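The chain contents come next:
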Amino acid sequence: MAWSETPAELRLLSTFSWQELKHHPWRNAAAVVAVMLGVALAFSVHLINASALSEFSQAVRSVNGQPDLELRAAQGTFDEAVFARVAQHPDVSVASPVLELSTYAQNANGERLALRVLGVDALRLAPVAPELMPMPAKDADRFALFAPSVIFLNPAARELLAGDTVELQSGVRLLRVTVAGRVAVGGGPLAVMDIGAAQDLFERGGELSRIDLQLRAGVDRSAFIRSLQSAPDWPAQLRLSEPGDATQRIDQLSRAYRVNLTVLALVALFTGAFLVFSVLSLSVAKRAQQLALLGVLGLTGTERLRLVLYESLVLGAVGSVAGIALGSGLAALALRVLGGDLGGGYFSGIAPTLHWSGTAALVYGGLGVAAALVGGWWPAKSAQKLPPAQSLKGLGASLGGPRSHWLSLALLAASGVLALLPPVAGIALGAYFSVGLLLVGGITALPGLIGLLYGRLSPWVAHRALPLLAVERARRVRESAGVAVSGVVASLSLAVALTVMVASFRQSVTSWLDVVLPADLYVRTSVSAAASDSAYFSPDFVQRVAAVSGVQRVSTLRVTQLLLNPAQPMVALIARDLQDAARALPLVGEALAVPADAIGIYVSEPMLDLYRAKVGGFFEPLSPAFAAALTNSNIPAKRFFVAGVWRDYARQFGAIAIDQADFVRLTGDQRVNDLALWLTPDASEAAVQQAIREVPEQASGAGSLIEFASASQIRTTSLRIFDRSFAVTYWLQAVAIAIGLFGVAANFSAQVLARRKEFGLLAHLGLTRRQILTVVAGEGAAWTVMGSVAGLALGLAVSVVLVHVVNPQSFHWTMDMQVPWLRLLGLCAAVVLAGTLTAWLAGRAAASADAVLAVKEDW
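First, a word on what this report is: a plain description of the structure on this page. Just so you know, these numbers come straight off a predicted model, no measurement behind them.

1. Section: the overall build of the protein
Then, number 1: Per the secondary structure count, the protein includes 29 helices and 20 strands.
Then, number 2: Of all intrachain contacts in the protein linking residues separated by at least 6 positions in sequence, the fraction that spans at least 24 positions is 83%.
Then, number 3: When the accessible area of the protein is evaluated, it comes to approximately 37100 Å², of which 60% is carbon and sulfur surface.

Dropping the structure here:
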């Protein structure tokens, strides 16, 4: 008669589960730790990213205010004559003009600090962005906000720039301004000044960066936008966008990095599910007779299934609660020490505070519990199917008979199909599921692989007793072996895949740097592309540098920002000498001949995915940025011809290279941001640098605004930044491997201790303690060798998906696959050594004198 499902019986089932967990703390601790670390890492990554994005969004809202619409140019600034036209529109309530400049300020110690300068109209600003309103100091004139060369600093800027005067950079000149008060807006360092004063100070007369618009009540935004853009004389280079688009752009910019980091953090949780599976599978196998006795006493198969699931639920719940607490602590520590970008560089300049989310805690805690329940499902099914009569006699306690290989083949085939799917909302969901199915399919195929390979190996060791015992046990109990090493296979395969992916990326970046850094010496004054319009070199300065003794040749580069799509991050427009594009750019494929009536451009790989650029076609989205110039030069508005594609690992969301002569002809802008210098063979690099710093054009002290770097220095710095960006990846790999090895240790310890009778029988047959330990260590080696081989093979397969699918779909660029064989073989050897040592240590306890006495238990 089966037990009824009353609360009393449920409490009894819970008691059985609790007693099992209580009497085997170390074995179950492995599963709890795995779940805890998986939840902690994933939750901490979520908190860090959410806090940084929230802080950035809040800073954007404070600086930009709350207008209904923002009017910007697709490229650079636009004529302030547009302001009068928009401000007088009957549907516009308030129009606030803004001149926005990114530049550098020099503090009292001579250090250059990035500073954002906003020129505003204080009479129109309050309704749109009240936090930007200048507040004069007590001793300042009340009309100081309209005075020339006067700025107001926010708290972040005030903390960095002490004193009543500040020097701002314009070109390679330093402009002295007076600090007359403050603004309340938060975020990164910011200075506010009168818009007319900003135009005069930075020589931007008649230019605006944006106009913030508030519409009258009841005006439909979409209809207003259509009415303006459909006007026959409306400038084609102007863009109207929602104020939230700035936050959306940074979300787009960092989304791939955040998602990949979160998926990587969930690797530990994925490994934890396999560890729960192996721990509970062993538990069911060891307790087969106990479960059978419960079955004889009336416990049904369904109730035995629930018994094991209760155990997995407890493991998952304990691990999840501990993981949420640990993840919160890790996130708070990372935000304080590393900031909000975790090496990605997307939120630099932001110092976020922790934004704890109860909803996220429930979600990630639920993932931990779900992973534990998934890991416990198959052992629970095994407990359900135990035949009571046979199990009481010591039969039927195996982990299951041979499984069909068709399931594994189906999973592997499905993973291949999913890898071919396109991304969803810019996220490589199909590829991530492909990796998951590939791992599950490979791990389910482990028993068959063990039987196949060790079946071939068995005849080779048939005449050597100890190796034969180790190999035959691995072959005969391949289901147990597959369970024991499943955690190692999962963690090792992902570690191998990530190692290959990072090595491939690093080697591709190194090769890319070799192409883009051909000169001996590089000169710049702008560290950031955002400051390229304020920190620049004039044509006269370039000519003087070319005349410096020791300089053989000078090549220039100009970088500006393009807003092709308000919902996407800015695209870089790079003007340089492209007469020989194959040598100047790391092209992917051959460069095409440019038609005589077109302007040739070369797009980076992200432009193909994000803007549907096609090699050999015309790129229409670029035309509005140069509409006026194209009209004046009688060039058809769509004649930007895509002559080739190049790799650019510096700009994730696209770059367009155009010949410098075409850029100057279209814009009249002869400023440059970077100089590449080829030196004569007898030139002294130090002497050349000193001569450039002393170019007469510069004002006193402005030589400090110029930065020099050799190709080797840039390469070293770039690779150091690369390694820092992937530092979190290395740590997550190490955690996953540690969890897998912890699982092997727990499994071997449990299995070896459960085989005390077997070892006692071997001792009765004449084997010494040393020989028994050799057999146990040989089994550990045999199992972990198979785990390492399977992990290496699966890892290489996963790396193909990461390199050729996940990376292009997430970051929109390609790379050449590189396999660091020595590193991978060393990793596999370390896993085998750890598994062998673990088995040997566990065998020392089991092969004691008590093992001989244990044989009497069956007499």
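Read on, since the account is not over.
2. Observations regarding the pairing of strand β6 (residues 150–153)
Then, number 1: Burial of β6 is two-sided: the residues Val150 and Phe152 facing one way and the residues Ile151 and Leu153 facing the other way are all buried.
Then, number 2: Bridging between β6 and strand β8 (residues 173–182) involves four bridges; their strand directions are parallel. Among the inter-strand pairings, Ile151 is bridged to a residue of β8, identified as Val179.

3. A closer look at the nonpolar core
Then, number 1: Residues Met501, Phe505 and Val509 are the most contacted members of the largest nonpolar core, which totals 46 residues.
Then, number 2: Put simply, the parts of the chain that give this core at least two residues each are α14 (429–444), α17 (478–516), β19 (674–679), α24 (711–725) and α27 (769–811).
Then, number 3: Top element by residues in this core is α17. It accounts for 13 residues.
Then, number 4: If sequence neighbours within four positions are ignored, Met501 has contacts with Phe726, Leu802, Val803 and Met815.
Then, number 5: Within the second largest apolar cluster, 41 residues are counted, among which are Leu69, Phe78, Leu161 and Leu213.

4. Things to note about the packing of α14 against α27
Then, number 1: It is at 10 Å that the axes of α14 and α27 come closest, and there the two elements cross at 175°. As the angle between them shows, α14 and α27 are arranged roughly antiparallel. Of the residues in α27, those in contact with Ala431, Tyr432, Ser434, Val435, Leu438, Leu439, Gly442 and Ile443 of α14 are Leu794, Ala797, Val798, Val801, Val805, Val806 and Ser810.
Then, number 2: Its residues assigned to classes, the contact of α14 with α27 comprises 12 nonpolar, three polar and no charged.

5. Comments concerning a nonpolar patch on the surface
Then, number 1: Taken together, the side chains of Leu123, Phe143 and Phe146 define a hydrophobic patch exposed on the protein surface, amounting to about 350 Å² of accessible area.
Then, number 2: With respect to the helices and strands, the residue Leu123 is situated in helix α4 (residues 122–125).

6. Remarks on α27
Then, number 1: Along its length, α27 reaches its greatest deviation from straightness, about 35°, at Leu802.
Then, number 2: Trailing α27 by a residue or two, His812 shows a phi angle of about 70°, which is positive.

7. Some points on the packing of aromatic side chains
Then, number 1: Summed over all chains, the structure comprises 11 aromatic pairs.
Then, number 2: Ring geometry for Phe626 versus Phe640: centroids 5.8 Å apart, planes at 45°, classification tilted. Of this pair, Phe626 sits in the loop between α20 (605–610) and α21 (627–632) while Phe640 sits in strand β17 (residues 640–646), and the two are 14 residues apart along the sequence. Each member of the pair, Phe626 together with Phe640, is buried.
Then, number 3: Ring geometry for Phe811 versus Trp813: centroids 6.0 Å apart, planes at 15°, classification stacked.
Then, number 4: Classification of Phe811 as buried rests on a relative accessible area of 14%.
Then, number 5: Owing to a relative accessible area of 6%, Trp813 belongs among the buried residues under this scheme.
Then, number 6: Aromatic ring contacts, followed pair by pair, group Phe505, Trp512, Tyr649, Phe722, Phe811 and Trp813 into a single cluster.
Then, number 7: Against the face of Tyr104 rests Arg112, its NZ or CZ located 4.5 Å from the ring centre.

8. Considerations on the pattern of salt bridges
Then, number 1: Counted by the stated rule, this structure contains 23 salt bridges.
Then, number 2: The residue Asp597 makes a salt bridge to Arg639 at a minimum N-O spacing of 3.0 Å. Of this pair, Asp597 sits in the loop between α19 (581–584) and β16 (599–604) while Arg639 sits in the loop between α21 and β17, placing them 42 residues apart in sequence.
Then, number 3: With a relative accessible area of 45%, Asp597 lands in the partly exposed category.
Then, number 4: It is possible to trace a salt-bridge network through shared partners that takes in Glu70, Arg72, Glu100, Arg116, Arg210 and Asp212.

9. Considerations on the packing of helix α13 (residues 406–419) against α14
Then, number 1: Interhelical geometry of α13 versus α14 gives an angle of 165° and a closest axis separation of 8 Å. Comparing the axis directions of α13 and α14 gives the class roughly antiparallel. Every pair of crossing elements has a handedness; the one defined by α13 and α14 is left-handed. Contact residues: α13 offers Ser408, Leu411, Leu412, Ala414, Ser415, Gly416, Leu418 and Ala419, while α14 offers Gly430, Ala431, Phe433, Ser434, Leu437, Leu438, Val440, Gly441, Gly442 and Thr444.

10. Side note on the sheet that holds β19
Then, number 1: The strand order β17-β16-β18-β15-β14-β19-β13-β20 describes an open sheet built from eight strands, whose pairing is mixed. The open sheet has two free edges, formed respectively by β17 and β20 (707–710), since each of these has just one partner strand. Across this sheet, the average inter-strand angle for adjacent strands is 25°, counted without regard to direction.
Then, number 2: Sheet topology note: the β16/β17 ladder contains six bridges and is parallel. In the strand pairing of β17, Val603 is matched with Val645.
Then, number 3: Contacting β14 (551–562) and β19, helix α18 (residues 539–546) crosses the sheet at an angle of about 155° to β14.

Rules used in this analysis
- Residues numbered from 1 in each chain as written.
- Predicted model: local features only at pLDDT ≥ 70, side-chain atom pairs only at ≥ 80, totals over all residues.
- Heavy atoms only, no water.
- Helix = DSSP H or I, 4+ residues; strand = E, 2+ residues; numbered from the N terminus.
- Contact = heavy atoms within 4.5 Å.
- Areas by Shrake-Rupley, 256 points an atom, 1.4 Å probe, with all protein chains shown as cover.
- Buried < 20%, exposed > 50% of the residue type's maximum accessible area, 1.4 Å probe, protein only.
- Pairing = 2+ DSSP bridges.
- Core = buried A, V, L, I, M, F, W, Y, C linked by side-chain atoms within 4.5 Å.
- Axes fitted to C-alpha atoms, helices over the stretch in contact; angles between N-to-C directions.
- Parallel < 35°, antiparallel > 145°, perpendicular 65-115°, else oblique.
- Nonpolar A, V, L, I, M, F, W, Y, C, P; charged D, E, K, R; others polar.
- Patch = residues over 30% accessible without salt bridge, like charges linked within 9 Å, V, L, I, M, F, W, Y side chains within 5 Å.
- Salt bridge = Lys/Arg side-chain N within 4 Å of Asp/Glu carboxyl O.
- Bend = angle between axes of the 7 residues up to and from the residue.
- Phe/Tyr/Trp six-rings, centres within 6.5 Å; stacked < 30°, edge-to-face > 60°.
- Lys NZ or Arg CZ within 6 Å of the ring centre and 35° of its normal.
- Left-handed = near helix turned anticlockwise from the far one by under 90°.

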